Amino acid sequence: MALMTGEQYVESLRKLNLNVYMFGEKIENPVDNPVIRPSMNSVKMTYDLAQMPEYEDLMTTTSTLTGNKINRFGHIHSSTEDLIKKVKMQRLCGQKTAACFQRCVGMDAFNAEYSTTYEIDKAYGTDYHEKFKKYLKYVQENDLTVDGAMTDPKGDRGLSPSKQSDPDLYLRVVERRPDGVVVRGAKAHQTGICNSHEVLVMPTVAMRPEDKDYAISFAVPTDTEGIFMIVGRQSCDSRKLEAGADIDVGNKVFGGVEALTIFDDVFVPNERIFLDGETEFAGMLVERFAGYHRQSYGGCKVGVGDVLIGAAALAADYNGANKASHVKDKLIEMTHLNETLYACGIACSAEGYKTESGNYIIDLLLANVCKQNVTRFPYEIARLAEDIAGGIMVTMPSEKDYRNEKTGPYIEKYLKGIASVPTENRMRILRLIENITLGTAAVGYRTESMHGAGSPQAQRIMIARQGNLGHKKALAKAIARIKE
Ligand code: SF4
Ligand code: FE
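Since this is a predicted model, take the numbers as computed values, not measurements. (Residues numbered from 1 in each chain as written. Chains lettered and ligands numbered in written order. Predicted model: local features only at pLDDT ≥ 70, side-chain atom pairs only at ≥ 80, totals over all residues. Heavy atoms only, no water.)

**Here we look at helix α17 (residues 469-480)**
To keep things clear, this is the line we draw: Comment: elements are numbered from the N terminus, with helices defined as DSSP H or I runs of at least four residues and strands as E runs of at least two. A helix is expected to reach a length of 1.5 Å times the quantity of its residues less one.
With twelve residues, α17 extends 16 Å from end C-alpha to end C-alpha; this agrees with the ideal 16 Å at 1.5 Å per step. Just downstream of α17 lies R481, where phi reads positive at about 60°.

Here it is in structure tokens:
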């Protein structure tokens, strides 16, 4: 089976024996849990869209490993066109879910691992690249969702992994056996791990020789013994638990949840290890993964932005403010900002290049500029959306009051905008804006835009490194006719 349907994906998750905790309880059935289900629905969309003929070209491609048709989320990019299509696919998925659809982290990890393992083997004569290709074939052929896990808890940020007072604050090898290793540690902010079949672990920082046991990369099934997930609390998440909740949730069908994921002495077989102790390659893996994921945001956040701009425009239509020139101008500004992010995503893809292993990587400077803009523009887009929506977005009574016999008719009457639009539609669009700017989806659209794929300072370091100031100085000297 090279492509799963959305339904097959859901059924495949039911077969996993995941250890998930939330709100102080073990969740026996994460697939049907009302808080987790919307997150799963977002990943399901990556399978559903791949089945639709109109999206076939974006959502599917031919495997470079097997020649079979696969979902693009499992693809090794073999051209700049592939990189561009990846961004377009992510914009599409963002438009269809208005949430984080989670599957990109695995895709970005595959491409970073592919080129890095090749270069480690070249330096050390190891066989990581072949092992990784074998693993990826398995992922592609079974159309699996893989959580790419990078961020360690990091403890004292001023200390390297091996200098922490608690040695587990970065994930590490605690035991070596002939057939594999045992690892201990945690990965924070794991987007979509509760909806993933596999987890692909990478180090989170460049490492020094003394950090050898921390320079480990591997993949295991998410229900491997010793792995457990503690789902993160999100603003307004408990609205999903209210019986019959619909309008108040803002986005009833889709969402994205993250989890603190614990690796409590997890065994990893040798064939699933892709880096072990080659400390100088940890930085390369981190840099490449982060680069791909910074490109990703030029697609997914733009798709969510499209929904938010549309919602703000509808809010103005529904209250009759749509003709006001300042409202039109705000919508123009939102569009300008959103398309600037897209332009960055496309640009770093178009300027991509071939790595030694043969796959394609983005232009790292432009990918970091892309992500740096993502740390700012969604906030401004959200601010303008709130400006257009008006204060009623946060003071509006609940759906239960709207359905109540006594209060409902008053809400219907006094929250009406223009006469031709039902009050309920106005409430729905305002709640959607609330969801993206302040509610559960704000985790992805706002704070993840800041900190996901590395916090802003990480991009500034890369921009400094890639900016080639020396070349710019030489240009200035030439124009100014300075000889030395
Ligand atoms: Fe994909 Fe965006 Fe979610 Fe990252 S934040 S996994 S790029 S949808
Ligand atoms: Fe992310």
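Here the narrative resumes, following the displayed structure.
**Some details on the sheet that holds strand β8 (residues 198-201)**
Convention followed: At least two bridges found by DSSP between two strands is the condition for calling them paired. Between N-to-C directions, angles cover 0 to 180 degrees, with each direction set by a line fitted to C-alpha atoms, over the stretch in contact for helices. Contacts: residue pairs with any heavy atoms within 4.5 Å of one another.
Taken in spatial order, the four strands make up an open sheet running β5-β8-β9-β12, and their pairing is mixed. Edge strands, defined here as strands with exactly one partner in the open sheet, are β5 (146-149) and β12 (273-276). Strand-to-strand twist across the sheet, computed as the mean angle between neighbouring axes with direction ignored, equals 15°. Pairing of β5 with β8, which is carried by four bridges, proceeds in the parallel orientation. Opposite V146, over in β8, you have E198 as the bridge partner. Sheet contacts for helix α6 (residues 128-142): β5, β8, β9 (216-221) and β12; angle to β12, the most-contacted strand, approximately 145°.

**Quick notes on helix α10 (residues 377-389)**
Helical periodicity: at 3.6 residues per turn, an α-helix aligns residues three or four positions apart in one direction. Condition: Each residue is assigned to one of three classes by its accessible area relative to the maximum for its type, calculated with a 1.4 Å probe on protein chains only: buried under 20%, partly exposed between the two thresholds, exposed over 50%. Read the arc as the range of directions from the helix axis to the C-beta atoms.
Counted at 1.5 Å a residue, the expected span for α10 with its 13 residues is 18 Å, and the 18 Å between its end C-alpha atoms agrees. Buried within α10 are the following residues: F377, P378, I381, A382, L384, A385, I388 and A389. Projection of α10 onto a plane perpendicular to its axis shows the buried side chains occupying an angular sector of 165°, all on one side. Each element contacted by the buried residues of α10 is listed here: α7 (282-319), α8 (325-350), α9 (364-374), α11 (392-395), α14 (423-437) and α15 (442-451). The first or second residue beyond α10 is G390, which carries a positive phi of 85°.

**Topic: the packing of α10 against α14**
Note the following rule: The cut-offs work like this: below 35 degrees is roughly parallel, past 145 is roughly antiparallel, 65 to 115 is roughly perpendicular, and the gaps in between are oblique. Throughout, a crossing is termed right-handed when the near helix is turned clockwise from the far one, and left-handed when it is turned anticlockwise from it by less than a right angle. Lys, Arg, Asp and Glu make up the charged group, whereas Ala, Val, Leu, Ile, Met, Phe, Trp, Tyr, Cys and Pro make up the nonpolar group; the residues left over, Gly among them, are polar.
Remark: α10 packs on α14, axes separated minimally by 10 Å, with the N-to-C direction vectors making an angle of 155°. Considering their axes alone, α10 and α14 lie roughly antiparallel with respect to each other. Here the hand of the crossing between α10 and α14 comes out left-handed. Listed contacts from α14 to A382, A385, E386 and A389 of α10 are L430, I433 and T437. Tallied by class, residues from the contact of α10 with α14 come to five nonpolar, one polar and one charged.

**Focus on the UniProt feature "domain: HpaB/PvcC/4-BUDH N-terminal" (unreviewed entry) in the protein**
Rule in force here: UniProt positions are given in the numbering used here, feature names are shortened, and annotations may be inferred rather than shown by experiment.
When the UniProt feature table is mapped onto this chain, "domain: HpaB/PvcC/4-BUDH N-terminal" (unreviewed entry) is found at residues 5-275. Between the first and last C-alpha atoms of residues 5-275 the distance is 33 Å; the span itself is 29% helix and 24% strand.

**Considerations on the pattern of salt bridges**
As a reminder of what qualifies: Salt bridges are identified by distance alone: a Lys or Arg side-chain nitrogen within 4 Å of an Asp or Glu carboxyl oxygen.
Applying the stated criterion across every chain, the model contains 39 salt bridges. Notably, a salt bridge pairs R239 with E434, separated by 2.9 Å at the nearest N-O pair. In this pair, R239 is assigned in the loop between β10 (227-231) and β11 (258-269) and E434 in helix α14, connecting sequence segments 195 residues apart. Assigned by exposure class, R239 and E434 land together as buried. E424 is paired through a salt bridge with R428; the nearest N and O atoms lie 3.1 Å apart. With a gap of four residues between them, E424 and R428 both fall in helix α14, about one helical turn apart.

**So, the pairing of β8**
By the alternation rule, side chains of β8 split into E198 and L200 and V199 and V201, which are all buried. Taken together, the four bridges between β8 and β9 define a ladder with antiparallel strand orientation. Its bridge partner being in β9, L200 is matched across the sheet by A219.

**Observations regarding the UniProt feature "binding site: FAD" (unreviewed entry) in the protein**
The sites that UniProt annotates as "binding site: FAD" (unreviewed entry) are T191. Its location among the elements puts T191 in strand β7 (residues 180-191). Sequence-distant contacts of T191, defined by excluding residues within four places in its chain, comprise C100, Q102, D147, V257, E258 and E448.

**As for the packing of aromatic side chains**
Applied cut-off: Think of it this way: a Phe, Tyr or Trp ring, Trp meaning its six-membered ring, pairs with another when their centres are within 6.5 Å, and the plane angle makes it stacked under 30 degrees, edge-to-face over 60, tilted otherwise. A ring is considered to have a charge above it if a Lys NZ or an Arg CZ atom is located within 6 Å of its centre and within 35 degrees of its normal.
The final tally for this structure, using the stated rule, is nine aromatic pairs. Measuring from centroid to centroid gives 6.4 Å for Y124 and F281, while their planes differ by 70°, and the two rings are edge-to-face. Residue Y124 is located in helix α5 (residues 104-124), and its partner F281 is located in the loop between β12 and α7; the two are separated by 157 residues in the primary sequence. Ring plane angle 40° and centroid distance 5.7 Å describe the contact between Y135 and F274, whose orientation is recorded as tilted. Remark: F274 occurs in strand β12 and Y135 occurs in helix α6; sequence separation between them is 139 residues. The side chain of R91 reaches across the aromatic face of Y342, ending 4.4 Å from its centre. R103 extends its terminal NZ or CZ atom over the ring of Y47, reaching a point 4.1 Å from the ring centre.

**A look at the domain arrangement of the protein**
The condition that has to hold: In this document the domain limits rely on a domain assignment from an automatic tool or a database. Put simply, buried area is the surface a 1.4 Å probe can reach on two separate parts but cannot reach once they are joined, added for both.
As far as domains go, the protein holds domain 1 (6-280) and domain 2 (285-475). For domain 1 versus domain 2, the distance between C-alpha centres works out to 24 Å. In this assembly, 55 residues from domain 1 lie in contact with 50 residues from domain 2. Around 4300 Å² of area is buried between domain 1 and domain 2 when both sides are counted, 61% of it from carbon and sulfur atoms. Taken as a group, V87, R91 and I247 account for 18% of the area that domain 1 buries against domain 2, more than any other trio of residues on that side. Run the count over domain 1 and domain 2 and you get seven salt bridges.

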